[in-house]
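# Chains, contacts and geometry: an overview
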Amino acid sequence: FNLTGHTVSIRQYFEAIYSAAEEKVKRVRCYIPAWLAMPALPVYMLMDKLQKRTPVFTRYALYTLTANASFSHEKAERVLGYHPRPFTETVRDTVRWMRAQGKA
């Protein structure tokens, strides 16, 4: 079930996280386009395997980030009275919840 509200770029998403963090967090310094990331994927996966790290840069992750994300919440708004809250508010609450759970 997907109730949409905002379409944001990865850069915008991370900027919202940095703003929501109450202390200084390590910032992502480099963003690369998916067309360049795809050929580099095997190298990153091998590096993660050799260093015994859980891979976060996977074929599925790239697919998910580049998949069509154009959904409408128009019907939910009309039928259910749904109104998405501001994206930055959602990110702020998520960061707070993750910290309370010891996950961030």
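Residues numbered from 1 in each chain as written. Predicted model: local features only at pLDDT ≥ 70, side-chain atom pairs only at ≥ 80, totals over all residues. Heavy atoms only, no water.

Among the secondary structure elements, Cys 30 is positioned in the loop between α1 (10–20) and α2 (34–50). Given the relative accessible area of 56%, Cys 30 is considered exposed. C-alpha separation for the pair Cys 30 and Arg 11, spaced 19 residues apart in sequence, amounts to 9.7 Å. (Helix = DSSP H or I, 4+ residues; strand = E, 2+ residues; numbered from the N terminus. Buried < 20%, exposed > 50% of the residue type's maximum accessible area, 1.4 Å probe, protein only.)

The next subject is the packing of α1 against helix α5 (residues 87–100). One can describe the packing of α1 onto α5 by two numbers: an axis separation of 9 Å at closest approach and a directional angle of 55°. With respect to α5, the axis of α1 lies oblique. The hand of the α1/α5 crossing is right-handed. From α1, Gln 12, Tyr 13, Ala 16, Ile 17 and Ala 20 reach across to α5, where they touch Phe 87, Thr 88, Val 91, Arg 92 and Val 95. When its residues are assigned to classes, the contact of α1 with α5 shows 7 nonpolar, 2 polar and 1 charged. (Axes fitted to C-alpha atoms, helices over the stretch in contact; angles between N-to-C directions. Parallel < 35°, antiparallel > 145°, perpendicular 65-115°, else oblique. Left-handed = near helix turned anticlockwise from the far one by under 90°. Contact = heavy atoms within 4.5 Å. Nonpolar A, V, L, I, M, F, W, Y, C, P; charged D, E, K, R; others polar.)

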